[in-house]
Every structure is written in C-alpha cells, then in structure tokens.
Amino acid sequence: MKVVVVTQYHFSLWNAPQSFLDRLRREFPDIEFVYRPNYDNIENYISDADIMVAASLRPEQFLAAKKLKWIYSTAAAVHQLLFQELVDSDVILTNASEVHGHCVAQHVMALIFVAARRIDADVRFQQRRFWGQEDLWQQHPRPREVDGATLGIIGVGAIGRDVARMASAVGMRVVAVREHPQRGVDWLPADSPDRSRHTVYGIDQLDRMLREADFVVLAAPTTGQTQRLMNRERLSQMKPDAWLINVGRGALVEEEALIEALQKKAIGGAALDVFDTEPLPAHSPLWSFENVIITPHVAGMTDRIWDRQFEFFSENLRRFLAGRPLLGVVDKRKGY
C-alpha cells in the first residue's frame, strides 16, 4: 500500500514536518509513505497511490491517480477539493475538522473576551501611552460582561460544538443554528441541567437567532448555500452592539455589506480571522476600524497541530486497513 503526503503552503506550520512522516513509518512499517513538498510532477507519484494526504488537488491531477481510494485533507475546509470528477468518484474524502476544532474554538473564546472587555481598545491606548479610561467608556460598543450574554453560532460541527461547550461553561446562553435542529444541545451531556438554557434553531430561523445574539460566530463550511450568508439583509438583523466573529471562511460574509455596517455602526464590531482575499490587502478599510479585531488566519495555530494530525490520521488509517468506517467523512455532494 502506498500513501502520498503532499503539503505546499507559504505558511510553514501547515507543511508536514519530517517527524510526522517518521512517526507514520514507525507505526505502519508495511506501508510505503512518500512525501512531496510541492505538486511538481505529482501525477507521477500518485498514479499508483492508494491514499493521498493533501489539502488541494486539481482535476487533471486527480484523474492520474488510478488506484486512489481515500483523500485525507489536512484542512477543515474542503471546498477546493469538490470538483465534479472527485464528487462523482468512489474516492472517500475526509477532513481534519476534529484536528482543528478545539484550537479554533479557544481562539473564538479569546476573541469574545477581547471584544466584550474591549481589550483591543486598551492595546491601542497603550501604544499611544494614553490613559484611556473615560474614552473607553464612551466608545461603541462599551465594555460588557460575558456571562449572561447570548452567543449565536452558525454551524455546529467540530468547531461549533467546542465553542458552544466552552461558552456554556462561562455562563453564556447559546443559540445555535444547524441543519438538523433535532440533534439539539448535543454539546452538553444529556443529564446536564444547563441544557434548558440553550436553544437550537433550524436554518429557517437564522434571522431570529441574529436578533437575539450578542455575539454571532460563523463556523459553517463554505457551500453554495452558505456563501455570502451574512449579507446586508442578515447584518441588519443583528443588534446594534452585537459582534460578528468569523473563523469559518471569508466567503461566508458579504465583505462590502460588512464594511458598510461597521461604518454606520449598525453593529457593535467584527472579529475576523478569515477574509475573501488573503492576505488581507493593505488598502482594505477593515484595517482602520476601531471596532474591528483582525487576526491573520491563525485560529488553528498551535504547536500541537502535527501531533493532532498524526493521532487523527493514524486512527483513520487503522480503520481503513481494517475496513471500518472512517472519521470525518465528507458528504461530497453537500460539501461538508
């Protein structure tokens, strides 16, 4: 059996380290592991591969992989892999949402606390050596408490569940929108008395959630149904002091409408880790707003990322070898 691992990113952390390959070779000595640092002539390497570990692939490259049975995406998002040839094939596609979810959820909680307590403004005051106590209180939105606030979540997958669980633990009320609302408050144990504080809506009740939430977290995958989900009309449903937090993908938000809402102070602010164009261009108005927190697509950054990748992929590889169902399987037609 042959496994081809290919990672090619400008950001070094996303590229598989040698230790990842070494651990796999020790754990599975009977499998041939081939690592490629780029996609140059990749067709020659995957033509006889059974498994591919990669976050992207072009249709013509895929067609060269005659024996391929499974693609393990090292990323959570897989929209870049959902070309028709792969969708129509029998090749299994899995993603790494479970790898990234916990870390991204911690980032979301950090952004909530920064936004609620307006630490972003405090940092700007510090850089100016300015004692901004009165100025902070006069800003929009003002500092507020986190416990007792309502957190709206769009998308209750690996990231959304962890965000909901953490938010519940600090006393927030969670109002989630999910495709299957009958799954309920599954981020808490069935016997938890806190379950009654939270609400789960279907996607048809998204506007209702937006009117209730003090913080709105976007953690949904990018599909035809979710692109530009937060458009001008939806942004207008949010409270005037509510924050929008996006750790999903930039495509979930109509960026021009968001800029307009921020300019008019129609919402409290935005904490953004992902954007339509990355890196975010220097001329973007988003850089200059005092009610915008920008992090450069780092929500999944952790020194444990390749330990987590190894643990998750190796468990799935054992399942694959035993003919058992894999974890993180993507419905290729739905896109998640």
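First things first, this report covers the structure right here in the doc. Think of each chain on its own: its residues are numbered from 1, step by step along the sequence as written. Side-chain atom pairs in this predicted model are given and counted only at pLDDT of 80 or more, local residue features only at pLDDT of at least 70, and totals for whole chains, interfaces and linings cover all residues. The side-chain figures draw on all heavy atoms in the structure; neither hydrogens nor water molecules are used.

### Some thoughts on the overall build of the protein chain
Scanning the protein chain for helices and strands turns up twelve helices and twelve strands. Taking the principal axes of its C-alpha atoms as reference, the protein chain extends roughly 65 × 45 × 35 Å. Relative accessible area decides the class of each residue, using a 1.4 Å probe on protein chains only: under 20% of the type maximum gives buried, over 50% gives exposed, and in between gives partly exposed. Each of the 336 residues in the protein chain was classed as buried or not, and the buried ones make up 53%. We call two residues in contact when some of their heavy atoms are within 4.5 Å. In the protein chain, once contacts between residues fewer than 6 apart in sequence are set aside, the share between residues at least 24 apart is 64%. What sets the accessible areas is the Shrake-Rupley method with a 1.4 Å probe; for residues, cover comes only from the shown protein chains. In the structure as shown, the protein chain presents an accessible area of about 16100 Å², 49% of it carried by carbon and sulfur atoms. Averaged over its 40 positive side-chain charges, the protein chain has a centre that lies 2 Å from the centre of its 43 negative ones. Only DSSP runs of H or I with at least four residues qualify as helices, and only runs of E with at least two residues qualify as strands; both kinds are numbered from the N terminus onward. None of His or the chain ends enter the tally, which takes Lys and Arg as positive and Asp and Glu as negative. Where a charge lies is defined by one atom per residue type, namely NZ (Lys), CZ (Arg), CG (Asp) and CD (Glu).

### Notes on the pairing of strand S10 (residues 243–246)
Residue alternation in S10 divides its side chains into two sets, Trp243 and Ile245 and Leu244 and Asn246, and both sets are buried. Two strands qualify as a pair provided that DSSP identifies no fewer than 2 bridges between them. Across four bridges, the pairing between strand S9 (residues 215–218) and S10 is parallel. What sits directly across from Leu218, in S10, is Asn246. Note: S10 against strand S11 (residues 269–272), four bridges, orientation parallel. Across the sheet, the residue bridging to Ile245 is Ala271, located in S11.

### Points about the sheet that holds strand S1 (residues 2–6)
If you walk across this open sheet you meet the five strands as S2-S1-S3-S4-S5, and the pairing is parallel. Each end of this open sheet is capped by a strand with a single partner; those strands are strand S2 (32–36) and strand S5 (92–94). For this sheet, the mean angle separating the axes of adjacent strands, direction not counted, is 15°. As paired elements, S1 and strand S3 (residues 51–53) share three bridges and run parallel to each other. Bridge assignment links Val4 to a residue of S3, and that residue is Met52. Every axis in this analysis is a line fitted to C-alpha atoms, fitted for helices over the stretch in contact. Angles between the N-to-C directions lie between 0 and 180 degrees.

### Considering the packing of helix H5 (residues 97–117) against helix H12 (residues 305–322)
For the pair H5 and H12, the least separation of the axes is 9 Å and the interaxial angle reads 145°. Between H5 and H12 the crossing geometry is right-handed. Across the interface between the two elements, Glu98, Val99, His100 and His102 from H5 touch Ile305, Arg308, Gln309 and Phe312 from H12. Rotating anticlockwise by less than a right angle from the far helix to the near helix defines a left-handed crossing, while the corresponding clockwise rotation defines a right-handed one.

### Quick notes on empty space enclosed by the protein
Definitions used for this entry: grid spacing 1 Å over protein atoms alone; cavity, a set of points where a 1.4 Å probe fits but cannot get out; pocket, an open set with protein on both sides within 12 Å along at least 5 of 7 lines; lining residue, one with an atom within 4 Å of a point. Grid points are joined across faces, edges and corners, and a volume is the space filled by probe spheres set on the points. Applying the stated criterion to the full structure yields one cavity of 30 Å³ or more. A volume near 70 Å³ is recorded for the largest cavity. In this structure, the largest cavity is lined by Asn246, Gly250, Val253, Glu255, Leu258, Leu272, Val274, Phe275 and Leu286. Classifying every residue of the lining of the largest cavity by side-chain character gives six nonpolar, two polar and one charged. Asp, Glu, Lys and Arg are counted as charged, while Ala, Val, Leu, Ile, Met, Phe, Trp, Tyr, Cys and Pro are counted as nonpolar; the rest, among them Gly, fall into the polar class.

### So, the sheet that holds strand S8 (residues 199–201)
As summarised here, the arrangement of the seven strands in space is S8-S7-S6-S9-S10-S11-S12, forming an open sheet in which the pairing is parallel. Of all strands in the sheet, those with a lone pairing partner are S8 and strand S12 (292–294), marking the two edges. The mean inter-strand angle of the sheet, taken between neighbouring strand axes irrespective of direction, is 15°. Of the strand pairs in this sheet, strand S6 (residues 150–154) and strand S7 (residues 173–177) are connected by five bridges, and their pairing is parallel. Each bridged residue has a counterpart across the sheet, and for Ile153 the counterpart in S7 is Ala176. Sheet contacts for H5: S6, S9, S10, S11 and S12; angle to S9, the most-contacted strand, approximately 155°. Docked against the sheet, helix H8 (residues 158–169) engages S6 and S7, running at close to 170° with respect to S6.

### Looking at the environment of Gly101
Of note, Gly101 is situated in helix H5. As for Gly101 and Val34, which are separated by 67 residues in sequence, their C-alpha atoms are 27 Å apart. Discounting chain neighbours no more than four positions away, the residues touching Gly101 are Ala158, Ile159 and Asp162.

### As for the packing of aromatic side chains
When the centres of two rings from Phe, Tyr and Trp lie within 6.5 Å, Trp using its six-membered ring, the rings pair. Their planes under 30 degrees apart give stacked, over 60 give edge-to-face, and anything left gives tilted. Within this structure, the stated rule accounts for nine aromatic pairs. Here the aromatic rings of Tyr72 and Phe313 are separated by 5.0 Å at their centres, their planes lie at 50°, and the arrangement is tilted. In this pair, Tyr72 is assigned in strand S4 (residues 70–72) and Phe313 in helix H12, connecting sequence segments 241 residues apart. Note on accessibility: Tyr72 and Phe313 belong to one class, buried. Following the ring pairs from residue to residue traces out a cluster consisting of Trp70, Tyr72, Phe312, Phe313 and Phe320. Placement of a positive charge over a ring is assigned whenever Lys NZ or Arg CZ falls within 6 Å of the ring centre and within 35 degrees of the normal to the ring plane. Geometry around Phe130 places Arg128 over its ring, the cationic atom sitting 4.8 Å from the centre.

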